[in-house]
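Summary of the model geometry
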Amino acid sequence: MAHEYTVLNMLRTTLALVLLATAALAQNKVAPDKEAAMKADLAGQLDGMKKQAQVMIDSVFSFGELGFQEFETSKYLTGILEKEGFKIERGVAGIPTAWVASWGSGKPVISMGSDIDDIPQASQKPGVGYHDPLIEGAPGHGEGHNGGVPLNILAALSVKKIMEREHLQGTLRLWPGVAEELVGTKAYFVRAGLFNDVDICLFAHISANMTVSYGQNQGNGLVSVEYMFKGESAHAAGAPWRGRSALDAVELFDVGWNFRREHLRLAQRSHNVITNGGDQPNVVPPNASDWYYFREADYEHIMDMWRIGDNMAKAAALMTDTEWTSRLLGSAWNGHFNKPIAEAMYANIKKVGLPAWTEDDQTLARGIQKELKLPATGLATKVPDLRAPRVTDGGDGEGQGVGPTGGGSDDIGDVSWTVPTVTLRFPGNIQAGPGHNWANAISMATPIAHKGILAGAKVQAMTVLDILLHPELVQAAKDYFNNVQTKDVKYKSFLRPDDKPAIFLNEKTMAIYRERMRQMYYDPSKYDNYLQQLGIKYPTVR
(Lines give C-alpha, C1' and ligand atoms only; values in the text may rest on other atoms or scores of the structure.)
Protein backbone atom coordinates (compact mmCIF):
# COMPACT_ATOMS: atom_id res chain seq x y z
CA MET A 1 0.00 0.00 0.00
CA ALA A 2 2.85 2.37 0.86
CA HIS A 3 4.49 1.57 -2.47
CA GLU A 4 1.27 2.39 -4.36
CA TYR A 5 0.98 5.66 -2.44
CA THR A 6 4.59 6.61 -3.38
CA VAL A 7 4.00 5.81 -7.04
CA LEU A 8 0.76 7.82 -7.00
CA ASN A 9 2.57 10.80 -5.48
CA MET A 10 5.31 10.55 -8.11
CA LEU A 11 2.71 10.51 -10.88
CA ARG A 12 0.96 13.53 -9.38
CA THR A 13 4.27 15.40 -9.12
CA THR A 14 5.19 14.57 -12.72
CA LEU A 15 1.77 15.65 -13.98
CA ALA A 16 2.04 18.90 -12.01
CA LEU A 17 5.43 19.66 -13.52
CA VAL A 18 4.14 18.94 -17.04
CA LEU A 19 1.14 21.20 -16.46
CA LEU A 20 3.36 23.97 -15.10
CA ALA A 21 5.68 23.73 -18.09
CA THR A 22 2.72 23.72 -20.50
CA ALA A 23 1.19 26.71 -18.74
CA ALA A 24 4.48 28.58 -18.91
CA LEU A 25 4.75 27.91 -22.63
CA ALA A 26 1.15 28.94 -23.15
CA GLN A 27 1.95 32.35 -21.63
CA ASN A 28 4.12 33.03 -24.69
CA LYS A 29 1.35 32.58 -27.26
CA VAL A 30 0.49 35.65 -29.35
CA ALA A 31 -1.81 36.45 -32.26
CA PRO A 32 -0.56 35.57 -35.79
CA ASP A 33 -0.30 39.21 -36.90
CA LYS A 34 1.76 40.07 -33.83
CA GLU A 35 4.01 37.05 -34.47
CA ALA A 36 4.58 38.25 -38.04
CA ALA A 37 5.46 41.69 -36.70
CA MET A 38 7.94 40.12 -34.26
CA LYS A 39 9.67 38.27 -37.10
CA ALA A 40 9.86 41.48 -39.11
CA ASP A 41 11.34 43.11 -36.00
CA LEU A 42 13.99 40.37 -35.78
CA ALA A 43 14.96 40.87 -39.42
CA GLY A 44 15.18 44.63 -38.94
CA GLN A 45 17.29 44.27 -35.81
CA LEU A 46 19.70 41.97 -37.59
CA ASP A 47 19.99 44.28 -40.58
CA GLY A 48 21.10 46.89 -38.05
CA MET A 49 23.78 44.51 -36.72
CA LYS A 50 25.78 44.22 -39.95
CA LYS A 51 28.85 45.86 -38.48
CA GLN A 52 28.78 43.66 -35.39
CA ALA A 53 28.44 40.60 -37.61
CA GLN A 54 31.40 41.60 -39.79
CA VAL A 55 33.65 42.29 -36.80
CA MET A 56 32.87 38.96 -35.12
CA ILE A 57 33.29 36.94 -38.31
CA ASP A 58 36.57 38.61 -39.28
CA SER A 59 37.98 38.40 -35.76
CA VAL A 60 37.37 34.68 -35.35
CA PHE A 61 38.74 34.08 -38.85
CA SER A 62 41.95 35.85 -37.89
CA PHE A 63 42.43 33.74 -34.74
CA GLY A 64 42.54 30.57 -36.86
CA GLU A 65 42.81 28.07 -34.00
CA LEU A 66 42.93 24.29 -34.24
CA GLY A 67 40.72 21.95 -32.22
CA PHE A 68 41.14 21.97 -28.43
CA GLN A 69 43.34 25.09 -28.75
CA GLU A 70 40.59 27.67 -29.42
CA PHE A 71 41.59 29.88 -26.48
CA GLU A 72 41.49 33.28 -28.22
CA THR A 73 38.23 32.38 -29.97
CA SER A 74 36.48 31.29 -26.79
CA LYS A 75 37.76 34.26 -24.78
CA TYR A 76 36.53 36.66 -27.46
CA LEU A 77 33.07 35.11 -27.94
CA THR A 78 32.32 34.65 -24.24
CA GLY A 79 33.42 38.23 -23.62
CA ILE A 80 30.76 39.47 -26.05
CA LEU A 81 28.06 37.32 -24.48
CA GLU A 82 29.02 38.27 -20.94
CA LYS A 83 28.66 41.95 -21.78
CA GLU A 84 25.17 41.20 -23.10
CA GLY A 85 24.07 39.68 -19.81
CA PHE A 86 24.66 36.00 -20.45
CA LYS A 87 25.93 33.84 -17.61
CA ILE A 88 29.06 31.96 -18.68
CA GLU A 89 30.15 28.54 -17.45
CA ARG A 90 33.69 27.84 -18.66
CA GLY A 91 35.70 24.64 -18.94
CA VAL A 92 32.63 22.41 -19.24
CA ALA A 93 33.06 18.64 -19.56
CA GLY A 94 36.72 18.98 -18.60
CA ILE A 95 37.55 20.86 -21.82
CA PRO A 96 39.40 24.18 -21.30
CA THR A 97 38.00 25.90 -24.42
CA ALA A 98 34.41 24.70 -23.94
CA TRP A 99 31.72 26.88 -22.37
CA VAL A 100 27.99 27.39 -22.06
CA ALA A 101 26.36 30.84 -22.13
CA SER A 102 22.85 31.09 -20.65
CA TRP A 103 20.20 33.80 -20.51
CA GLY A 104 16.54 33.78 -19.51
CA SER A 105 14.55 31.43 -17.32
CA GLY A 106 12.10 28.59 -17.53
CA LYS A 107 10.85 26.59 -20.47
CA PRO A 108 11.43 26.09 -23.29
CA VAL A 109 15.19 25.67 -23.03
CA ILE A 110 16.64 26.29 -26.49
CA SER A 111 20.22 25.22 -27.12
CA MET A 112 22.17 26.87 -29.96
CA GLY A 113 25.52 25.44 -31.02
CA SER A 114 28.11 25.73 -33.77
CA ASP A 115 31.75 24.76 -34.26
CA ILE A 116 34.79 27.01 -33.75
CA ASP A 117 37.93 25.06 -34.76
CA ASP A 118 39.80 25.14 -38.05
CA ILE A 119 41.93 23.02 -40.38
CA PRO A 120 45.69 22.26 -40.37
CA GLN A 121 47.72 23.93 -43.14
CA ALA A 122 44.67 25.79 -44.48
CA SER A 123 46.00 29.33 -43.99
CA GLN A 124 44.65 31.53 -46.78
CA LYS A 125 44.23 35.24 -47.52
CA PRO A 126 40.50 35.99 -47.69
CA GLY A 127 39.14 37.41 -50.91
CA VAL A 128 41.96 35.96 -53.01
CA GLY A 129 40.79 33.41 -55.55
CA TYR A 130 43.94 31.30 -55.64
CA HIS A 131 46.27 29.71 -53.11
CA ASP A 132 47.97 32.49 -51.14
CA PRO A 133 48.57 31.62 -47.47
CA LEU A 134 48.66 34.25 -44.75
CA ILE A 135 51.41 32.13 -43.15
CA GLU A 136 52.81 29.14 -45.04
CA GLY A 137 51.93 25.89 -43.28
CA ALA A 138 49.77 27.53 -40.61
CA PRO A 139 46.18 26.49 -39.82
CA GLY A 140 43.22 28.41 -41.18
CA HIS A 141 39.44 28.35 -41.47
CA GLY A 142 39.37 25.93 -44.39
CA GLU A 143 35.83 24.89 -43.61
CA GLY A 144 34.30 28.10 -42.33
CA HIS A 145 33.81 27.46 -38.63
CA ASN A 146 34.43 31.14 -37.92
CA GLY A 147 30.84 31.96 -38.85
CA GLY A 148 28.53 29.72 -36.83
CA VAL A 149 28.85 31.00 -33.27
CA PRO A 150 28.72 34.64 -34.44
CA LEU A 151 25.49 33.69 -36.25
CA ASN A 152 24.05 32.23 -33.05
CA ILE A 153 25.11 35.24 -31.01
CA LEU A 154 23.42 37.60 -33.46
CA ALA A 155 20.25 35.51 -33.45
CA ALA A 156 20.21 35.23 -29.65
CA LEU A 157 20.72 38.97 -29.09
CA SER A 158 17.87 39.87 -31.42
CA VAL A 159 15.52 37.34 -29.80
CA LYS A 160 16.60 38.47 -26.32
CA LYS A 161 15.37 42.01 -27.01
CA ILE A 162 11.94 40.75 -28.03
CA MET A 163 11.75 38.40 -25.05
CA GLU A 164 12.53 41.29 -22.71
CA ARG A 165 10.04 43.63 -24.36
CA GLU A 166 7.22 41.08 -24.61
CA HIS A 167 7.99 39.34 -21.30
CA LEU A 168 8.41 35.96 -23.01
CA GLN A 169 9.54 33.05 -20.91
CA GLY A 170 12.32 30.74 -22.02
CA THR A 171 16.03 30.05 -21.72
CA LEU A 172 18.64 30.60 -24.42
CA ARG A 173 21.84 28.54 -24.23
CA LEU A 174 24.81 29.01 -26.56
CA TRP A 175 27.82 26.71 -26.79
CA PRO A 176 30.75 26.00 -29.13
CA GLY A 177 31.58 22.79 -30.95
CA VAL A 178 35.17 22.46 -29.77
CA ALA A 179 37.47 20.29 -31.92
CA GLU A 180 34.72 19.22 -34.31
CA GLU A 181 37.34 18.39 -36.93
CA LEU A 182 38.57 15.80 -34.44
CA VAL A 183 34.98 14.81 -33.53
CA GLY A 184 36.41 15.32 -30.10
CA THR A 185 33.87 16.83 -27.67
CA LYS A 186 30.13 16.57 -28.22
CA ALA A 187 29.90 13.02 -26.85
CA TYR A 188 31.59 14.39 -23.72
CA PHE A 189 29.07 17.25 -23.62
CA VAL A 190 26.28 14.68 -23.69
CA ARG A 191 27.98 12.61 -20.98
CA ALA A 192 28.38 15.72 -18.81
CA GLY A 193 24.62 16.39 -19.01
CA LEU A 194 24.71 19.64 -21.02
CA PHE A 195 21.43 18.72 -22.74
CA ASN A 196 19.57 17.06 -19.86
CA ASP A 197 16.99 19.86 -19.52
CA VAL A 198 17.11 21.11 -23.13
CA ASP A 199 13.89 21.03 -25.16
CA ILE A 200 15.26 21.81 -28.63
CA CYS A 201 18.78 22.12 -30.06
CA LEU A 202 19.38 24.37 -33.08
CA PHE A 203 22.78 23.76 -34.60
CA ALA A 204 24.35 25.84 -37.38
CA HIS A 205 26.97 24.89 -39.97
CA ILE A 206 28.50 26.69 -42.93
CA SER A 207 27.40 25.78 -46.45
CA ALA A 208 27.17 27.21 -49.93
CA ASN A 209 23.39 27.51 -49.68
CA MET A 210 20.62 27.73 -47.07
CA THR A 211 19.24 24.30 -46.24
CA VAL A 212 17.86 22.10 -43.50
CA SER A 213 17.04 18.40 -43.46
CA TYR A 214 15.24 15.86 -41.31
CA GLY A 215 15.62 12.16 -40.63
CA GLN A 216 18.88 10.26 -40.90
CA ASN A 217 21.51 12.27 -42.74
CA GLN A 218 23.81 11.27 -45.58
CA GLY A 219 26.98 10.91 -43.52
CA ASN A 220 28.53 8.36 -41.20
CA GLY A 221 29.35 8.02 -37.56
CA LEU A 222 32.85 7.08 -36.45
CA VAL A 223 35.39 6.27 -33.80
CA SER A 224 38.81 7.92 -33.86
CA VAL A 225 41.38 5.50 -32.43
CA GLU A 226 45.15 5.77 -32.07
CA TYR A 227 47.10 2.49 -31.85
CA MET A 228 50.47 2.68 -30.11
CA PHE A 229 53.13 -0.02 -30.42
CA LYS A 230 56.14 -0.55 -28.16
CA GLY A 231 59.22 -2.56 -29.16
CA GLU A 232 62.94 -2.37 -28.47
CA SER A 233 65.56 -0.08 -29.99
CA ALA A 234 68.81 -1.30 -31.48
CA HIS A 235 71.47 -0.22 -33.97
CA ALA A 236 69.69 -0.67 -37.29
CA ALA A 237 72.90 -1.76 -39.05
CA GLY A 238 75.15 -3.01 -36.25
CA ALA A 239 72.69 -5.26 -34.39
CA PRO A 240 69.24 -5.16 -36.02
CA TRP A 241 68.46 -8.64 -34.68
CA ARG A 242 68.42 -7.18 -31.19
CA GLY A 243 65.64 -4.71 -32.06
CA ARG A 244 61.86 -5.14 -32.21
CA SER A 245 60.45 -2.49 -34.53
CA ALA A 246 57.27 -0.74 -33.48
CA LEU A 247 57.20 0.83 -36.95
CA ASP A 248 57.10 -2.64 -38.51
CA ALA A 249 53.98 -3.27 -36.44
CA VAL A 250 52.37 -0.05 -37.71
CA GLU A 251 53.17 -0.91 -41.32
CA LEU A 252 51.86 -4.46 -40.96
CA PHE A 253 48.69 -3.05 -39.35
CA ASP A 254 48.20 -0.83 -42.41
CA VAL A 255 48.85 -3.66 -44.86
CA GLY A 256 46.35 -5.85 -43.05
CA TRP A 257 43.71 -3.14 -42.95
CA ASN A 258 44.15 -2.35 -46.64
CA PHE A 259 43.56 -6.01 -47.54
CA ARG A 260 40.48 -6.10 -45.30
CA ARG A 261 38.88 -3.07 -47.04
CA GLU A 262 37.74 -5.30 -49.90
CA HIS A 263 35.46 -7.13 -47.49
CA LEU A 264 33.89 -4.14 -45.76
CA ARG A 265 30.55 -2.56 -46.65
CA LEU A 266 30.34 0.31 -49.11
CA ALA A 267 29.28 2.57 -46.25
CA GLN A 268 32.70 2.37 -44.60
CA ARG A 269 35.28 5.11 -44.82
CA SER A 270 38.60 4.45 -43.09
CA HIS A 271 41.76 6.54 -43.21
CA ASN A 272 44.86 6.98 -41.13
CA VAL A 273 48.01 8.93 -40.42
CA ILE A 274 51.18 7.59 -38.81
CA THR A 275 51.59 9.95 -35.87
CA ASN A 276 54.95 8.51 -34.80
CA GLY A 277 57.17 6.61 -37.21
CA GLY A 278 60.37 6.55 -35.20
CA ASP A 279 63.24 8.96 -34.67
CA GLN A 280 65.89 8.29 -37.31
CA PRO A 281 66.70 5.49 -39.79
CA ASN A 282 69.72 4.06 -37.97
CA VAL A 283 67.71 3.34 -34.81
CA VAL A 284 65.17 0.52 -34.76
CA PRO A 285 61.99 2.41 -33.69
CA PRO A 286 61.01 1.37 -30.16
CA ASN A 287 57.76 3.37 -30.37
CA ALA A 288 55.36 4.04 -33.23
CA SER A 289 51.69 4.90 -33.53
CA ASP A 290 48.91 4.81 -36.11
CA TRP A 291 45.77 6.98 -35.91
CA TYR A 292 42.63 5.71 -37.65
CA TYR A 293 39.16 7.07 -38.31
CA PHE A 294 36.71 4.14 -38.63
CA ARG A 295 33.50 5.44 -40.23
CA GLU A 296 30.26 3.53 -40.80
CA ALA A 297 26.53 4.15 -40.97
CA ASP A 298 25.43 3.02 -37.50
CA TYR A 299 26.59 2.07 -34.04
CA GLU A 300 26.82 -1.69 -34.60
CA HIS A 301 28.86 -1.45 -37.81
CA ILE A 302 31.19 1.15 -36.29
CA MET A 303 31.78 -1.17 -33.35
CA ASP A 304 32.52 -3.99 -35.83
CA MET A 305 35.21 -1.86 -37.48
CA TRP A 306 36.69 -0.98 -34.10
CA ARG A 307 36.83 -4.70 -33.22
CA ILE A 308 38.57 -5.45 -36.53
CA GLY A 309 41.06 -2.66 -35.83
CA ASP A 310 41.85 -4.14 -32.42
CA ASN A 311 42.37 -7.55 -34.04
CA MET A 312 44.75 -6.00 -36.60
CA ALA A 313 46.74 -4.45 -33.74
CA LYS A 314 46.96 -7.78 -31.93
CA ALA A 315 48.11 -9.53 -35.11
CA ALA A 316 50.69 -6.86 -35.93
CA ALA A 317 52.07 -7.02 -32.40
CA LEU A 318 52.33 -10.83 -32.57
CA MET A 319 54.16 -10.68 -35.90
CA THR A 320 56.71 -8.20 -34.59
CA ASP A 321 56.97 -9.35 -30.98
CA THR A 322 55.87 -5.90 -29.81
CA GLU A 323 53.16 -4.71 -27.43
CA TRP A 324 50.19 -2.51 -28.26
CA THR A 325 47.78 -0.17 -26.55
CA SER A 326 45.13 2.19 -27.92
CA ARG A 327 43.20 5.30 -26.97
CA LEU A 328 39.95 6.81 -28.18
CA LEU A 329 40.53 10.35 -29.48
CA GLY A 330 37.00 11.09 -30.67
CA SER A 331 33.66 9.63 -31.68
CA ALA A 332 30.40 10.51 -33.37
CA TRP A 333 27.01 9.04 -34.09
CA ASN A 334 25.46 9.57 -37.49
CA GLY A 335 22.92 12.38 -37.14
CA HIS A 336 19.14 12.07 -37.17
CA PHE A 337 17.31 15.38 -37.35
CA ASN A 338 13.87 16.42 -36.20
CA LYS A 339 11.12 16.72 -38.80
CA PRO A 340 8.72 19.24 -37.13
CA ILE A 341 11.56 21.66 -36.29
CA ALA A 342 13.11 21.23 -39.75
CA GLU A 343 9.78 22.06 -41.37
CA ALA A 344 9.41 25.17 -39.21
CA MET A 345 12.96 26.24 -40.00
CA TYR A 346 12.44 25.64 -43.72
CA ALA A 347 9.44 27.99 -43.70
CA ASN A 348 11.75 30.65 -42.28
CA ILE A 349 14.41 29.86 -44.88
CA LYS A 350 11.83 30.50 -47.61
CA LYS A 351 10.83 33.72 -45.87
CA VAL A 352 14.40 35.04 -45.58
CA GLY A 353 15.88 33.68 -48.82
CA LEU A 354 19.46 33.98 -49.98
CA PRO A 355 21.40 37.25 -49.87
CA ALA A 356 21.63 39.53 -52.89
CA TRP A 357 25.15 38.78 -54.12
CA THR A 358 27.05 41.57 -55.87
CA GLU A 359 29.05 41.15 -59.05
CA ASP A 360 32.21 41.29 -56.93
CA ASP A 361 30.94 38.36 -54.86
CA GLN A 362 30.17 36.36 -57.99
CA THR A 363 33.54 37.26 -59.52
CA LEU A 364 35.38 35.80 -56.53
CA ALA A 365 33.23 32.66 -56.65
CA ARG A 366 33.73 32.14 -60.38
CA GLY A 367 37.43 32.92 -60.02
CA ILE A 368 38.11 30.14 -57.51
CA GLN A 369 35.88 27.75 -59.46
CA LYS A 370 37.96 28.37 -62.58
CA GLU A 371 41.16 28.04 -60.53
CA LEU A 372 40.05 24.58 -59.40
CA LYS A 373 38.96 23.67 -62.95
CA LEU A 374 35.29 23.45 -62.01
CA PRO A 375 32.24 24.89 -63.81
CA ALA A 376 32.12 28.64 -63.10
CA THR A 377 28.58 28.62 -61.71
CA GLY A 378 29.17 31.33 -59.12
CA LEU A 379 27.23 31.57 -55.88
CA ALA A 380 23.87 29.91 -55.28
CA THR A 381 20.85 32.08 -56.04
CA LYS A 382 17.98 29.66 -55.32
CA VAL A 383 17.03 27.95 -52.08
CA PRO A 384 16.65 24.18 -52.63
CA ASP A 385 13.77 22.07 -51.38
CA LEU A 386 13.61 20.72 -47.84
CA ARG A 387 15.97 17.77 -47.76
CA ALA A 388 14.30 14.43 -47.03
CA PRO A 389 15.92 11.61 -45.05
CA ARG A 390 18.50 9.23 -46.44
CA VAL A 391 16.84 6.24 -48.09
CA THR A 392 18.69 2.94 -48.21
CA ASP A 393 17.92 -0.25 -50.08
CA GLY A 394 19.01 -2.94 -47.71
CA GLY A 395 22.67 -3.80 -47.86
CA ASP A 396 22.25 -7.04 -45.93
CA GLY A 397 24.97 -8.87 -47.82
CA GLU A 398 22.45 -11.27 -49.39
CA GLY A 399 21.93 -9.42 -52.64
CA GLN A 400 19.28 -7.13 -51.17
CA GLY A 401 20.91 -3.84 -52.15
CA VAL A 402 24.09 -2.04 -51.19
CA GLY A 403 22.83 -0.05 -48.23
CA PRO A 404 24.15 3.42 -47.38
CA THR A 405 27.29 4.51 -49.20
CA GLY A 406 28.73 6.68 -46.45
CA GLY A 407 30.39 10.06 -46.16
CA GLY A 408 31.63 12.58 -43.63
CA SER A 409 30.90 12.74 -39.92
CA ASP A 410 29.91 15.37 -37.37
CA ASP A 411 29.58 14.78 -33.66
CA ILE A 412 26.37 16.81 -33.60
CA GLY A 413 24.99 13.33 -34.24
CA ASP A 414 25.44 12.48 -30.54
CA VAL A 415 23.41 15.55 -29.58
CA SER A 416 20.72 14.69 -32.14
CA TRP A 417 20.15 11.34 -30.44
CA THR A 418 19.90 13.04 -27.03
CA VAL A 419 17.48 15.91 -27.71
CA PRO A 420 15.37 16.98 -30.74
CA THR A 421 17.91 18.68 -33.03
CA VAL A 422 18.22 20.27 -36.46
CA THR A 423 21.17 21.75 -38.32
CA LEU A 424 20.76 24.99 -40.24
CA ARG A 425 23.21 25.03 -43.13
CA PHE A 426 23.77 28.69 -43.93
CA PRO A 427 25.49 30.37 -46.90
CA GLY A 428 28.96 31.84 -46.73
CA ASN A 429 31.12 29.35 -48.55
CA ILE A 430 31.59 28.83 -52.29
CA GLN A 431 30.61 25.77 -54.32
CA ALA A 432 34.17 24.93 -55.27
CA GLY A 433 36.43 23.78 -52.48
CA PRO A 434 37.08 20.09 -51.85
CA GLY A 435 36.46 20.61 -48.14
CA HIS A 436 39.08 20.86 -45.39
CA ASN A 437 41.16 22.90 -47.79
CA TRP A 438 42.53 26.45 -48.22
CA ALA A 439 39.98 27.00 -51.01
CA ASN A 440 37.14 26.76 -48.51
CA ALA A 441 38.63 29.66 -46.54
CA ILE A 442 38.76 32.34 -49.22
CA SER A 443 35.20 33.64 -48.73
CA MET A 444 35.05 33.38 -44.96
CA ALA A 445 36.16 36.93 -44.12
CA THR A 446 34.57 38.65 -47.10
CA PRO A 447 31.16 40.20 -47.88
CA ILE A 448 30.00 36.73 -48.96
CA ALA A 449 30.33 35.39 -45.42
CA HIS A 450 29.14 38.64 -43.82
CA LYS A 451 25.88 38.60 -45.79
CA GLY A 452 25.35 34.84 -45.67
CA ILE A 453 25.77 34.61 -41.92
CA LEU A 454 23.43 37.54 -41.34
CA ALA A 455 20.78 35.78 -43.47
CA GLY A 456 21.35 32.60 -41.47
CA ALA A 457 20.98 34.54 -38.21
CA LYS A 458 17.55 35.72 -39.35
CA VAL A 459 16.43 32.14 -39.99
CA GLN A 460 17.85 30.98 -36.65
CA ALA A 461 16.21 33.85 -34.74
CA MET A 462 12.82 33.29 -36.38
CA THR A 463 12.99 29.57 -35.57
CA VAL A 464 13.82 30.35 -31.93
CA LEU A 465 10.76 32.61 -31.88
CA ASP A 466 8.62 29.82 -33.34
CA ILE A 467 9.73 27.53 -30.50
CA LEU A 468 9.05 30.21 -27.88
CA LEU A 469 5.57 31.01 -29.18
CA HIS A 470 4.32 27.54 -30.14
CA PRO A 471 4.24 24.91 -27.39
CA GLU A 472 2.59 22.55 -29.86
CA LEU A 473 5.77 22.70 -31.99
CA VAL A 474 7.88 21.67 -29.00
CA GLN A 475 5.49 18.82 -28.28
CA ALA A 476 5.49 17.69 -31.93
CA ALA A 477 9.29 17.69 -31.91
CA LYS A 478 9.35 15.53 -28.79
CA ASP A 479 6.72 13.18 -30.22
CA TYR A 480 8.84 12.67 -33.35
CA PHE A 481 11.95 12.14 -31.24
CA ASN A 482 10.30 9.60 -28.94
CA ASN A 483 7.94 7.80 -31.31
CA VAL A 484 9.79 7.87 -34.63
CA GLN A 485 13.51 8.56 -34.23
CA THR A 486 14.22 6.57 -31.06
CA LYS A 487 11.42 4.03 -31.38
CA ASP A 488 13.77 1.26 -32.52
CA VAL A 489 17.22 2.86 -32.09
CA LYS A 490 18.58 3.91 -28.70
CA TYR A 491 21.68 6.02 -28.19
CA LYS A 492 24.71 4.28 -26.69
CA SER A 493 27.83 6.35 -26.33
CA PHE A 494 31.08 5.11 -27.82
CA LEU A 495 32.82 6.59 -24.78
CA ARG A 496 34.06 4.21 -22.15
CA PRO A 497 34.07 5.26 -18.48
CA ASP A 498 37.80 6.03 -18.44
CA ASP A 499 37.90 7.92 -21.77
CA LYS A 500 38.79 11.60 -21.46
CA PRO A 501 38.83 14.47 -24.01
CA ALA A 502 42.07 14.56 -26.00
CA ILE A 503 42.83 18.16 -25.01
CA PHE A 504 46.54 17.71 -25.81
CA LEU A 505 45.87 17.45 -29.55
CA ASN A 506 47.19 20.32 -31.73
CA GLU A 507 49.02 21.91 -28.80
CA LYS A 508 52.45 21.56 -30.45
CA THR A 509 51.24 22.85 -33.81
CA MET A 510 49.66 25.96 -32.32
CA ALA A 511 52.83 26.58 -30.28
CA ILE A 512 54.74 26.78 -33.57
CA TYR A 513 52.42 29.28 -35.26
CA ARG A 514 50.49 31.17 -32.59
CA GLU A 515 52.83 34.13 -32.10
CA ARG A 516 53.17 34.73 -35.84
CA MET A 517 49.41 34.44 -36.21
CA ARG A 518 48.86 36.82 -33.29
CA GLN A 519 50.55 39.60 -35.27
CA MET A 520 47.81 39.20 -37.90
CA TYR A 521 44.76 39.27 -35.60
CA TYR A 522 42.09 41.62 -36.88
CA ASP A 523 42.07 45.06 -35.22
CA PRO A 524 38.59 46.58 -35.71
CA SER A 525 39.66 49.79 -33.96
CA LYS A 526 41.96 50.60 -36.88
CA TYR A 527 40.42 48.91 -39.91
CA ASP A 528 36.91 48.70 -41.30
CA ASN A 529 37.36 45.02 -42.12
CA TYR A 530 40.00 42.33 -42.29
CA LEU A 531 40.47 42.73 -46.06
CA GLN A 532 41.46 46.36 -45.48
CA GLN A 533 43.89 45.40 -42.72
CA LEU A 534 45.56 42.89 -45.03
CA GLY A 535 45.61 45.31 -47.97
CA ILE A 536 43.58 42.97 -50.18
CA LYS A 537 41.57 44.36 -53.09
CA TYR A 538 38.21 42.60 -53.21
CA PRO A 539 37.94 40.45 -55.23
CA THR A 540 41.43 39.37 -56.31
CA VAL A 541 41.36 36.69 -59.00
CA ARG A 542 43.65 35.61 -61.80
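Here, every reference points to the structure presented above.
These numbers come from a predicted model, not from an experiment.

**What about the packing of helix H3 (residues 50-63) against helix H5 (residues 148-166)?**
Where H3 contacts H5, the axes come no closer than 9 Å and their chain directions differ by 155°. Classed by the angle they form, the pair H3 and H5 counts as roughly antiparallel. In the packing of H3 onto H5, the handedness of the crossing is right-handed. Judged by residue contacts, Gln 52, Ala 53, Met 56, Ile 57 and Val 60 of H3 engage Pro 150, Ile 153, Leu 154 and Leu 157 from H5. Counted by class, the contact of H3 with H5 contains eight nonpolar, one polar and no charged residues.

**A word on unusual backbone geometry**
A cis amide bond links Lys 107 with the next residue in sequence, Pro 108, at an omega value of -5°. You can see Pro 108 is positioned in the loop between strand S2 (99-105) and strand S3 (109-115). For the bond from Tyr 538 to Pro 539, the omega torsion is -10°, close enough to zero to count as cis. Tracing the chain through its elements places Pro 539 in the segment after helix H15 (530-534). Of note in the backbone geometry, Gln 121 takes a positive phi value of approximately 55° without being a glycine. You can see Gln 121 is positioned in the loop between S3 and H5. Residue Gln 121 is classed as exposed on the basis of its relative accessible area, which comes to 62%.

**As for the nonpolar core**
Of all hydrophobic cores here, the largest spans 134 residues; its most connected members are Phe 86 and Phe 229. Here Phe 86 is in contact with Leu 81, Ala 101, Ser 102, Trp 103, Ala 156, Leu 157, Lys 160, Leu 172 and Leu 174, once residues within four sequence places are set aside. Listed in part, the 15 residues of the second largest apolar core include Leu 364, Ala 439, Ile 448 and Tyr 538.

The rules we used
- Residues numbered from 1 in each chain as written.
- Predicted model: local features only at pLDDT ≥ 70, side-chain atom pairs only at ≥ 80, totals over all residues.
- Heavy atoms only, no water.
- Axes fitted to C-alpha atoms, helices over the stretch in contact; angles between N-to-C directions.
- Helix = DSSP H or I, 4+ residues; strand = E, 2+ residues; numbered from the N terminus.
- Parallel < 35°, antiparallel > 145°, perpendicular 65-115°, else oblique.
- Left-handed = near helix turned anticlockwise from the far one by under 90°.
- Contact = heavy atoms within 4.5 Å.
- Nonpolar A, V, L, I, M, F, W, Y, C, P; charged D, E, K, R; others polar.
- Buried < 20%, exposed > 50% of the residue type's maximum accessible area, 1.4 Å probe, protein only.
- Core = buried A, V, L, I, M, F, W, Y, C linked by side-chain atoms within 4.5 Å.

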